[in-house]
Amino acid sequence: MSINLKIISERIRNDIDRHCVELYAESHRNHLGASVIGHDCEAYIWLAFRWARKEIFSGRMLRLFNRGHREEQRCIEYLKGIGFNIYDAPNNEQFRIVGYGGHYGGSTDSIGTTPYKDFPEPMVLEFKTHNSKSFADLKDKGLLRSKPRHYAQMCSYGQTYGYKNGLYYAVGKNDDDIHIEVVKLDYTQAEYLHTKADKIIRSMVLPPRIALQETYFECKMCPFVGVCHRGERLDISCRSCFNAEPIDNGQWFCRHFQQTIPTEFIPKGCTNWKSIL
């Protein structure tokens, strides 16, 4: 009996994809992240915060995300190699920011200082990987014009910890080229983003969409295009329910049962679920 090696090869590939889905898949984020608040569409931010739809990623995409996470240690290794002092976060965790009743937050990749005597100030460190198109655009336009959301993240972290500058370390995934930018952080932009986060977290109605038609290029790629433009049903959870509202300590309150919702119950919802849209 002959074995079709092409079929075996494809089986191995598919099994690896399934394994990566199991290995890397994540649940909904409990808080509104600093990495998201800079998004141009407030409706997108709100729908993500309210768990309107769980975005499903392929094994390939999850491997790609994981590569970005793993790249951080390489970047830190290279910076240390040229004499950078990389700070240790409290309790061996990350440098986090938390706000608005525990519903907003994020963590910077690290904090560090250069070995240069003429530039001793600590900086927020942000590491990102890019495909060839994104990397070329970054090199051509610079961080503020090409990746304003990444810059916004850095401003939020800088304001929280009192650092005026940030180092953006970008890696091109196709050829391992690097792009380094040291930038001055804008606390005014950080304040704007914090105000924006507060407004979105407290909103009980859908904020303005970036476009009225789903044919707009950002809407075409959005995981919420169905619920936002076509009236598709939201995923059921307490977060997507009209009766739930955020309260202090990162908790949620149910207006139907008039009590704080147990954390383990939030992903499930109940028979009294009513769509927030």
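Data block above holds the structure.
Keep in mind it's a predicted model, so treat the numbers as computed, not measured.

Rules used in this analysis
- Residues numbered from 1 in each chain as written.
- Predicted model: local features only at pLDDT ≥ 70, side-chain atom pairs only at ≥ 80, totals over all residues.
- Heavy atoms only, no water.
- Pairing = 2+ DSSP bridges.
- Helix = DSSP H or I, 4+ residues; strand = E, 2+ residues; numbered from the N terminus.
- Expected span 1.5 Å × (residues − 1).
- Buried < 20%, exposed > 50% of the residue type's maximum accessible area, 1.4 Å probe, protein only.
- Contact = heavy atoms within 4.5 Å.
- Salt bridge = Lys/Arg side-chain N within 4 Å of Asp/Glu carboxyl O.

Enquirer: Report on the sheet that holds strand β10 (residues 251–254), specifying residues and quantitative values.
Expert: The sheet built from three strands is open, its strands ordered β9-β10-β11 with antiparallel pairing. The two strands at the open ends of the sheet, each matched to only one other strand, are β9 (244–247) and β11 (259–260).

Enquirer: Talk me through helix α6 (residues 148–161); I want residue IDs and the actual numbers.
Expert: End to end, α6 covers 20 Å across 14 residues, agreeing with the expected 20 Å (1.5 Å per residue, within 8%). Across the 14 residues that make up α6, a large majority, 10, are buried. Residues His-150, Tyr-151, Ala-152, Gln-153, Met-154, Cys-155, Ser-156, Tyr-157, Gly-158 and Gln-159 constitute the buried set of α6. Looking one or two places after α6, you find Gly-162, whose phi comes out positive at around 80°.

Enquirer: Could you give an account of the environment of Asn-243, with specific residues and numbers?
Expert: Here Asn-243 is to be found in the loop between α9 (225–229) and β9. Once the C-alpha coordinates of Asn-243 and Ile-276 are considered, the two residues, 33 residues apart in sequence, prove to be 7.9 Å apart. Those residues within four positions of Asn-243 in sequence are excluded, and the remaining contacts are Phe-253, Cys-254, Arg-255, His-256, Asn-272 and Lys-274.

Enquirer: Just give me the short version of the pairing of β9, but keep the residues and values in it.
Expert: The alternating pattern of β9 places Ala-244 and Pro-246 on a buried face, while none of Glu-245 and Ile-247, on the opposite face, is buried. As defined by bridge partners, β9 adjoins β10 across four bridges and the pair is classed as antiparallel. Pairing of Ala-244 across the sheet is with Cys-254, part of β10. Where β9 hands over to β10, the hairpin turn is made up of three residues, of which Asn-249 adopts a positive phi near 65°.

Enquirer: Please provide a residue-by-residue account of the pattern of salt bridges, values included.
Expert: Enumeration according to the criterion identifies 15 salt bridges in this entry. Between Arg-63 and Asp-17 there is a salt bridge, with the nearest N and O atoms lying 2.7 Å from each other. Separated by 46 residues along the polypeptide, Arg-63 in helix α3 (residues 59–81) and Asp-17 in helix α1 (residues 5–24) bring together distant segments of the chain. Since its relative accessible area comes to 32%, Arg-63 is described here as partly exposed. For Lys-128, the salt bridge goes to Glu-126, with nearest N and O atoms at 3.3 Å. Connected through salt bridges with shared partners, the residues Arg-53, Glu-214, Arg-230, Glu-232 and Asp-235 form a single ionic network.

Honestly, it's all geometry; don't read function into it.
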